[in-house]
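Summary of the model geometry
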Amino acid sequence: IYALYVMFFPQMVAGPIERPQNMLHQFHDKKYFDSVKFISGLRLMLWGFFKKLVIADRAAIVSDQVFGSPQQYGTLAIVWASIMFAFRIYCDFSGYTDIARGAARMMGFELMVNFKRPYLSCSVTEFWRRWHISLSTWFRDYVYIPLGGNKKQLMRILFNLLITFIISGLWHGADWKFVIWGGLNGMYIALEFLWAKSGFREWKLFLPSWILRIKTFALITFSWIFFAAPDMNRAKISVSNLTDFTHFSADLRQIIQSKDSISAAFFIVLLIIIEILLEKKILLEWFSQKPVYVRWAVYSLVVWCILLFGQFGEKQFIYFVF
């Protein structure tokens with residue numbers, strides 16, 4: 001049983017990171033074929049393949065081109081590539097998780113939900129409660145809390161937050177760009193913690209949620225630049241070129257003329273609409289009430305979208321390198 005738990009193939013390579021208390025008892029339970037779970041697992045895998053092949057790998061073409069040679073681009077191209085990378089890494093990793101969860105469900109196992117629509121978060125703190133939940137909770141339980149968590153004095157709490165995220169950056173790679181990425185996110189969380197402690201968080205009540213979501217997305221997307229750039233030198237060039245407006249016309253023309261940019265943007269907008277409907281808990285209920293021929297027509301449409309618009313090169317899942 002322990003060997004099966006350790007080598008359970010759907011999540012062995014990139015997660016979610018399952019705790020024994022969630023998985024071990026499932027290996028003791030006798031499994032029977034369940035057509036409902038089997039179809040549900042296939043549906044989840046289909047959605048994962050769509051996010052990976054249609055959105056992530058197409059957005060990767062745009063982001064790789066810009067961050068590979070950032071000295072050739074200005075503000076608009078860097079911002080656009082950063083947005084593309086933000087959705088690339090999300091659709092790539094959450095797509096893998098959906099495929100893993102779907103494969104496990106087809107065999108009668110339930111893996112934890114690892115992503116809960118993180119780009120709809122109204123704060124960075126909320127984002128990290130929704131993004132790669134299994135790893136975030138691991139760092140909370142085995143790094144942040146052993147350091148003292150939020151049971152210490154204010155300065156020590158801020159230090160604990162910062163060091164936890166820096167260690168998280170180093171976990172992704174022994175490179176200064178990952179240290180800066182972790183430090184930025186730790187600083188965001190620390191500042192939000194300070195703001196909450198100051199008693200002035202009521203100002204959020206006067207702002208619509210979409211403004212808070214855009215603010216959070218902008219902060220997170222900026223930090224992703226250090227993930228997207230192949231090395232620290234190109235990361236620094238990318239950040240410095242964020243204020244270079246001399247290439248604006250050329251950047252705009254290139255974005256408009258790029259089929260990959262336009263198609264990736266279309267499917268990203270579609271993804272956002274779907275996730276908003278999922279967040280409001282109305283899409284699945286509405287879909288489940290439709291006749292079986294309608295549901296299977298939608299499944300077929302998604303399959304055709306994958307076949308027609310998917311990128312079938314040799315782009316491995318982005319988290320396989322960590």
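See the structure printed just above.
First, a word on scope: everything that follows refers to the structure included in this document. Residue positions are given per chain, counting from 1 as you read along its sequence in written order. Reporting of local features is limited, given that this is a predicted model, to residues whose pLDDT is at least 70; pairs of side-chain atoms are given and counted only at 80 or more, and all residues count toward the totals for whole chains, interfaces and linings. Hydrogens and water molecules were not included; the side-chain quantities draw on all heavy atoms of the structure.

What about the overall build of the protein chain?
Numbering of helices and strands starts at the N terminus; helices are DSSP runs of H or I of at least 4 residues and strands are runs of E of at least 2. For the protein chain, the helix and strand inventory stands at 15 helices and zero strands. Radius of gyration (C-alpha) of the protein chain: 21 Å, near the 20 Å computed for a compact globule of 322 residues. Projected onto the principal axes, the alpha-carbon positions of the protein chain cover approximately 60 × 55 × 40 Å. Under the scheme applied here, a residue whose accessible area is under 20% of the maximum for its type counts as buried, over 50% as exposed, and between as partly exposed, the area being computed with a 1.4 Å probe on protein chains only. Considering the protein chain as a whole, with its 322 residues, one finds that 46% of them fall into the buried category. For the protein chain, the accessible area works out to roughly 17,100 Å², and carbon and sulfur atoms hold 68% of it. Considering the protein chain, the positive charge centre built from 34 side chains and the negative charge centre built from 21 side chains are found 5 Å apart. Radius of gyration means the value over C-alpha atoms here, while the globule rule gives 2.2 Å times the residue count to the 0.38 power. With residues, only the protein chains shown are counted as cover, and all accessible areas are computed by Shrake-Rupley using a 1.4 Å probe. By the counting rule applied here, Lys and Arg register as positive and Asp and Glu as negative, while His and the ends of each chain are not counted. Taken as the charge centre is NZ of Lys, CZ of Arg, CG of Asp or CD of Glu, depending on the residue.

Focus on the nonpolar core
Phe 85, Ile 89, Tyr 119, Trp 128, Trp 131 and Trp 224 are the most contacted members of the largest nonpolar core, which totals 73 residues. Broken down by element, this core gets its largest block of residues, 16 residues, from helix 5 (residues 75-106). If near-sequence neighbours (up to four positions away) are discounted, Trp 131 is found in contact with Ile 89, Tyr 90, Asn 114, Phe 115, Pro 118, Tyr 119, Ser 136, Trp 224 and Tyr 319. Definition used in this section: a nonpolar core is a set of buried Ala, Val, Leu, Ile, Met, Phe, Trp, Tyr and Cys residues joined via side-chain atoms within 4.5 Å. Every residue pair with non-hydrogen atoms within 4.5 Å of one another is taken to be in contact.

Quick notes on a nonpolar patch on the surface
The grouping of Tyr 2, Val 6, Met 7, Met 12, Val 13 and Phe 320 at the surface amounts to a nonpolar patch, some 630 Å² of accessible area in total. Here Phe 320 shows up in the segment after helix 15 (292-309). Taking the relative accessible area as the measure of exposure, Phe 320 reaches 33% and is therefore partly exposed. The patch calculation keeps residues exceeding 30% relative accessible area without a salt bridge and links them within 9 Å when they carry like charges or within 5 Å when they are nonpolar (Val, Leu, Ile, Met, Phe, Trp, Tyr). Whenever Lys or Arg places a side-chain nitrogen within 4 Å of a carboxyl oxygen from Asp or Glu, that contact is recorded as a salt bridge.

Thoughts on helix 15
In a helix, the anticipated span is given by 1.5 Å times the number of residues less one. In a regular helix each residue adds 1.5 Å, so 18 residues correspond to 26 Å; helix 15 covers 26 Å between its end C-alpha atoms and thus fits that length. All of the buried residues in helix 15 are Tyr 299, Cys 305 and Ile 306. In a view along the axis of helix 15, the buried residues occupy a sector of 115 degrees, so they form one face of it. The exposed residues of helix 15 that point more than 90 degrees off its buried face are Tyr 293, Leu 301, Trp 304, Leu 307 and Leu 308. Residues of helix 15 that are buried sit in contact with helix 4 (35-68) and helix 14 (283-288). Of all possible arcs, the one meant is that of the directions from the helix axis to the C-beta atoms.

As for the side chain of Ser 223
By the element assignment, Ser 223 lies in helix 10 (residues 209-228). Relative accessible area serves as the criterion here: at 1%, Ser 223 is assigned to the buried category. Apart from residues no more than four positions distant in its own chain, Ser 223 is found in contact with Trp 181, Leu 184, Asn 185 and Tyr 188.

Concerning the packing of helix 8 (residues 154-172) against helix 9 (residues 176-198)
The convention used is that axes are lines fitted to C-alpha atoms, helices contributing only their stretch in contact, and that angles between N-to-C directions extend from 0 to 180 degrees. Relative orientation of the contacting elements helix 8 and helix 9 amounts to 150 degrees, with a least axis distance of 7 Å. Relative to helix 9, the element helix 8 is oriented roughly antiparallel. The two elements helix 8 and helix 9 meet at a crossing, and its hand is right-handed. Between helix 8 and helix 9, the residues in contact are Leu 154, Ile 157, Leu 158, Leu 161, Leu 162, Phe 165, Ile 166, Ser 168, Gly 169, Leu 170 and His 172 and Phe 178, Val 179, Trp 181, Gly 182, Gly 183, Asn 185, Gly 186, Met 187, Ile 189, Ala 190, Phe 193 and Leu 194, respectively. Classifying every residue of the contact of helix 8 with helix 9 by side-chain character gives 16 nonpolar, seven polar and no charged. Relative orientations are named as follows: roughly parallel for angles under 35 degrees, roughly antiparallel for angles over 145 degrees, roughly perpendicular for angles from 65 to 115 degrees, and oblique for any other angle. Crossing handedness follows the turn of the near helix against the far one: under a right angle anticlockwise gives a left-handed crossing, and clockwise gives a right-handed one. Put simply, Ala, Val, Leu, Ile, Met, Phe, Trp, Tyr, Cys and Pro go in the nonpolar bin, Asp, Glu, Lys and Arg in the charged bin, and everything else, Gly too, in the polar bin.

What to know about the environment of Met 232
As for its position among the elements, Met 232 is in helix 11 (residues 232-240). Residue contacts for Met 232: discarding those within four places in its chain leaves Asp 175, Trp 176, Lys 177, Ile 180 and Phe 226.

Some words on the packing of helix 5 against helix 13 (residues 259-279)
Helix-helix packing: each pair is described by the crossing angle between the helix axes and the interaxial distance. At a minimum axis separation of 11 Å, helix 5 and helix 13 run at an interaxial angle of 55 degrees. Taken together, the axis directions place helix 5 and helix 13 in an arrangement best described as oblique. As for how helix 5 packs across helix 13, the hand of that crossing is left-handed. Within the contact between the two elements, helix 5 uses Trp 80, Met 84, Phe 87, Tyr 90 and Cys 91 and helix 13 uses Ser 261, Ala 264, Ala 265, Ile 268, Leu 271, Ile 272 and Glu 275. Of the residues belonging to the contact of helix 5 with helix 13, the class tally is ten nonpolar, one polar and one charged.

Some details on the side chain of Asn 114
Tracing the backbone shows Asn 114 in the loop between helix 5 and helix 6 (124-130). A polar contact is formed between the side chain of Asn 114 and the side chain of His 132, at a distance of 3.1 Å. If near-sequence neighbours (up to four positions away) are discounted, Asn 114 is found in contact with Pro 16, Phe 93, Thr 97, Arg 130, Trp 131, His 132, Ile 133 and Ser 134. Any pair of nitrogen or oxygen atoms within 3.5 Å is treated as a polar contact; in protein, a donor-acceptor pairing is required on top of that, and neighbouring residues in sequence qualify only through side-chain atoms on both sides.

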